Amino acid sequence: MKVVRHEAVLQLLHAQGSAGVHEIAEHLQISPATARRDLAELQHQSLVERTWGGVRLATEVDDPFQEALADGGVHKRRIGSAAAHLIPEGSTVILDIGTTVHHVAMEVADRDITVLTASLPAFDVLRSRGRATIILLGGHWSEQYQCFTGTPVIDALQHQQADVAFLGCSGISDTGRVRDTSYAQSEIKRAIQQASTRTYLLADKRKFPGHGGISPLEVDQLDGIITDTTDMAASLVDKCRDHNTEIRIV
């Protein structure tokens, strides 16, 4: 029950930004004392920050989308191009949010495929070129990530089946844990992986180890990692080899 309560608190904070202890207690139908204990544990995990009388989501965030898109563009384009070559004509593809995955959208916009995405920038690229069939996954709007997010996106993914999916991330630890800064986006990444036959993680050299205190997946749940670096920890390479997770260097 504690895990369920923690998830409910994080979903509430994602929806409204912050909340008071008594508001959380009422929302979860628990005592204020239990709510305070839960919040203390979430704070210890660096998922929330305490405010006067309540909490808000931790402020560790990724760079704004347009700023991140311009940073490292050559490397991201190379990774996006390699990913696009893995997509057969006529297939169904799920594209995560993020700037590296955005380069996949730019590569495949004029191809005869079906693309599912919650990313508004990816949607704009795909619709402007007009050939790909687009399924936009709607939900709560996130200005920071330029995407739709939340439970509606997860619910929609539970009724989909794709041939291949491409995920972004905030980092990959030496032990093989994918890292993220957003609890809500981590849940969506898990839903994407479950809705796809094959899943690849796109990560440029700065994502090793990157940052982020939340882990949506382990590398052994992936079919492959597409990256532009050979500078990876031996422990990470060993884990990928032991679980048949391909490392594709471009």
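All values reported here derive from a predicted model rather than from experimental measurement.

**What to know about the state of the cysteines**
For the structure on display, the rule yields 0 disulfides. No disulfide involves Cys 169; its nearest neighbouring cysteine sulfur is the one of Cys 240, lying 12 Å away. For Cys 169, a relative accessible area of 10% gives the class buried.

**Quick notes on the packing of aromatic side chains**
Considering all chains together, one arrives at 2 aromatic pairs under this definition. Here the aromatic rings of Trp 141 and Phe 148 are separated by 5.3 Å at their centres, their planes lie at 65°, and the arrangement is edge-to-face. Judged by its relative accessible area of 36%, Trp 141 falls in the partly exposed class. Both rings, one in Phe 166 and one in Tyr 200, keep their centres 6.0 Å apart while their planes meet at 25°; by these two values the pair is stacked.

**Side note on the nonpolar core**
The biggest cluster of nonpolar side chains holds 28 residues, and the ones touching the most others in it are Ile 94, Leu 157, Ile 172, Leu 201, Leu 222 and Ile 225. Residue assignment for this core shows that the elements contributing at least two residues are helix H8 (151-157), strand S9 (162-167), helix H9 (183-194), strand S12 (196-203) and helix H10 (234-242). Setting aside anything within four residues of it in sequence, one finds Leu 222 in contact with Leu 167, Val 178, Thr 199, Leu 201, Leu 217 and Thr 245.

**Re the packing of helix H1 (residues 2-16) against H9**
One can describe the packing of H1 onto H9 by two numbers: an axis separation of 9 Å at closest approach and a directional angle of 115°. In terms of orientation, H1 lies roughly perpendicular with respect to H9. Across the interface between the two elements, Glu 7, Leu 10, Gln 11 and His 14 of H1 pack against Tyr 183, Ala 184 and Glu 187 of H9. A breakdown of the residues in the contact of H1 with H9 according to their chemical character gives 3 nonpolar, 2 polar and 2 charged.

**Structural notes on helix H7 (residues 120-129)**
Note that an α-helix has 3.6 residues per turn; residues three or four places apart therefore point the same way. For H7, the complete set of buried residues consists of Pro 121, Ala 122, Val 125 and Leu 126. Taken down its axis, H7 places every buried residue within 130° of arc, on the same side. Of the exposed residues in H7, the ones pointing more than 90 degrees away from its buried face are Arg 127 and Ser 128. Measuring from the side-chain oxygen of the N-cap residue of H7 to the backbone nitrogen of Ala 122 gives 3.2 Å; that N-cap residue is Ser 119. Phi for Gly 130, located one or two positions after H7, is positive at around 85°.

About the criteria used
- Residues numbered from 1 in each chain as written.
- Predicted model: local features only at pLDDT ≥ 70, side-chain atom pairs only at ≥ 80, totals over all residues.
- Heavy atoms only, no water.
- Disulfide = S-S within 2.5 Å.
- Buried < 20%, exposed > 50% of the residue type's maximum accessible area, 1.4 Å probe, protein only.
- Phe/Tyr/Trp six-rings, centres within 6.5 Å; stacked < 30°, edge-to-face > 60°.
- Core = buried A, V, L, I, M, F, W, Y, C linked by side-chain atoms within 4.5 Å.
- Helix = DSSP H or I, 4+ residues; strand = E, 2+ residues; numbered from the N terminus.
- Contact = heavy atoms within 4.5 Å.
- Axes fitted to C-alpha atoms, helices over the stretch in contact; angles between N-to-C directions.
- Parallel < 35°, antiparallel > 145°, perpendicular 65-115°, else oblique.
- Nonpolar A, V, L, I, M, F, W, Y, C, P; charged D, E, K, R; others polar.
- Arc of directions from axis to C-beta.
- Polar contact = N/O pair within 3.5 Å; in protein donor to acceptor, adjacent residues only side chain to side chain.

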